[in-house]
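# What the coordinates show
Residues per chain are reported as follows:
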Amino acid sequence: MSKKTALITGANKSIGFETARQLGGLGYGIWLGSRDAARGDEAARALSAEGIDVKAVSIDVTDEASVKLAAARVEAEDGKLDVLINNAGVPGQMVPPSQQSVNDVRDIYETNVFGPIRVTQALLPLLRNAGSANIVMVSSGLGSLGWLSDPDNQFHGVNFLGYNSSKTALNGVTVAFAKELAASGIKVNAADPGYTATDFNGHSGYRTVEQAARGIVWLATQDNDAATGSFYFDGAVVPW
Ligand SMILES: NC(=O)c1ccc[n+]([C@@H]2O[C@H](COP(=O)([O-])OP(=O)(O)OC[C@H]3O[C@@H](n4cnc5c(N)ncnc54)[C@H](OP(=O)(O)O)[C@@H]3O)[C@@H](O)[C@H]2O)c1
């Protein structure tokens, strides 16, 4: 049986980078996705120095040509892909909904919603070639309508129009792909990494990247019989 492989978008730093490190530590061959080639090479060198089998691949999830090139490279070198982690994401402006420009919301959706759709569609033939595969959408608790509408939830007051609704949309994308792909042995689930200290939030999060990546890696390594079309935080189901 050939070695299992995983592609992670936005893996040059933060949660994506730590996810690459943990999956690589489990023996997966890593395609370390980065929109900037130099940042990707540097991150891959760091993981390689830790003994991880890793290759940097340029992939800007908002750019059709870049995504197609990345998929063509993975196809040429591996012919299949066992795990896809759609991790790349942007926060956009953190302003009240009434003050957020439509252009900013559109930019957020380009990365957080259309990006994962584009990347998933481009890599689907390679995921099918693996026989069984896992797709993980890195969502957010801020995309959970159940949590956001619960006055007792810690995120109830975090009311960002573009970002929150982009992750709610990504959850919808997760369910749609999960239903289509269930019969083909490809599981599609969403993971909330939790409020994590990264550049994303000026390192204000209270979780570490190690904690954040663990739940993503858990989903990425589920076996054939595992659930598909669900949303998890640290291995427990989150309400949509
Ligand atoms: N941190 C949290 O508290 C938290 C909570 C819930 C969910 N999340 C989600 O977790 C994921 C990772 O977040 P993070 O905290 O690790 O964020 P981060 O530190 O800002 O890192 C984001 C990564 O995404 C990449 N990226 C952004 N736009 C891209 C594009 N168009 N194409 C390819 N890559 C792109 C960035 O690349 P560059 O280095 O080139 O900018 C970077 O590698 C995101 O989807 C985020 O929404 C984070």
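The following refers to the structure shown.

Analysis parameters
Residues numbered from 1 in each chain as written. Predicted model: local features only at pLDDT ≥ 70, side-chain atom pairs only at ≥ 80, totals over all residues. Heavy atoms only, no water. Core = buried A, V, L, I, M, F, W, Y, C linked by side-chain atoms within 4.5 Å. Buried < 20%, exposed > 50% of the residue type's maximum accessible area, 1.4 Å probe, protein only. Helix = DSSP H or I, 4+ residues; strand = E, 2+ residues; numbered from the N terminus. Contact = heavy atoms within 4.5 Å. Salt bridge = Lys/Arg side-chain N within 4 Å of Asp/Glu carboxyl O. Pairing = 2+ DSSP bridges. Right-handed = clockwise from strand over helix to strand, strands pointing away. Near = heavy atom within 4 Å. Polar contact = N/O pair within 3.5 Å; in protein donor to acceptor, adjacent residues only side chain to side chain. Areas by Shrake-Rupley, 256 points an atom, 1.4 Å probe, with all protein chains shown as cover. Nonpolar A, V, L, I, M, F, W, Y, C, P; charged D, E, K, R; others polar.

Take the nonpolar core next. Ranked by internal contacts, the top residues of the largest apolar core, which has 35 residues, are L81, L123 and L127. Broken down by secondary-structure element, the contributors of at least two residues to this core are α3 (64–77), α4 (102–129), β5 (133–138), α5 (145–148), α6 (161–181) and β6 (186–192). The contact partners of L127, leaving out residues within four places of it in the chain, are L81, D82, V83, L84, A133, I135 and I186. Core analysis: the second largest hydrophobic core is formed by 28 residues, Y28, A56, V138 and V209 among them.

A complete count under the given rule lists 11 salt bridges for this structure. Put simply, K3 and D53 hold a salt bridge, and the shortest N to O gap is 2.9 Å. Note that K3 is positioned in the segment before β1 (5–8) and D53 in the loop between α2 (37–48) and β3 (54–58), a separation of 50 residues in sequence. For K3, a relative accessible area of 43% gives the class partly exposed. As a salt-bridge pair, K80 and D82 come within 2.6 Å of each other at their nearest N and O atoms. Judged by relative accessible area, which is 12%, K80 ranks as buried.

The next thing to look at is the pairing of strand β2 (residues 29–34). Here β2 lies mainly inside the structure; six of its six residues are buried. The alternating pattern of β2 places G29, W31 and G33 and I30, L32 and S34 on opposite faces, both of which are buried. In terms of strand pairing, β1 meets β2 through four bridges, oriented parallel. Note that in β2 the partner of L7 across the bridge is W31. What joins β1 to β2 is helix α1 (residues 14–25), and the crossover it makes is right-handed. Bridge analysis of β2 against β3 gives five bridges, and the strand direction is parallel. Among the inter-strand pairings, G33 is bridged to a residue of β3, identified as V57. The β-α-β motif built from β2, the intervening α2 and the parallel element β3 has right-handed crossover chirality.

Here we take up the site of the ligand. Around the ligand, 29 residues are found, and the nearest of them are S14, R35, N87, Y163 and T198. Contact distances for the ligand include 3.0 Å between a nitrogen atom and a backbone N or O atom of V61. The contact in question runs from an oxygen atom of the ligand to an N or O atom on the side chain of T198, over 2.6 Å. For the ligand, whose unbound accessible area comes to 900 Å², protein coverage reaches 94%. Its residues assigned to classes, the shell around the ligand comprises 10 nonpolar, 13 polar and six charged.

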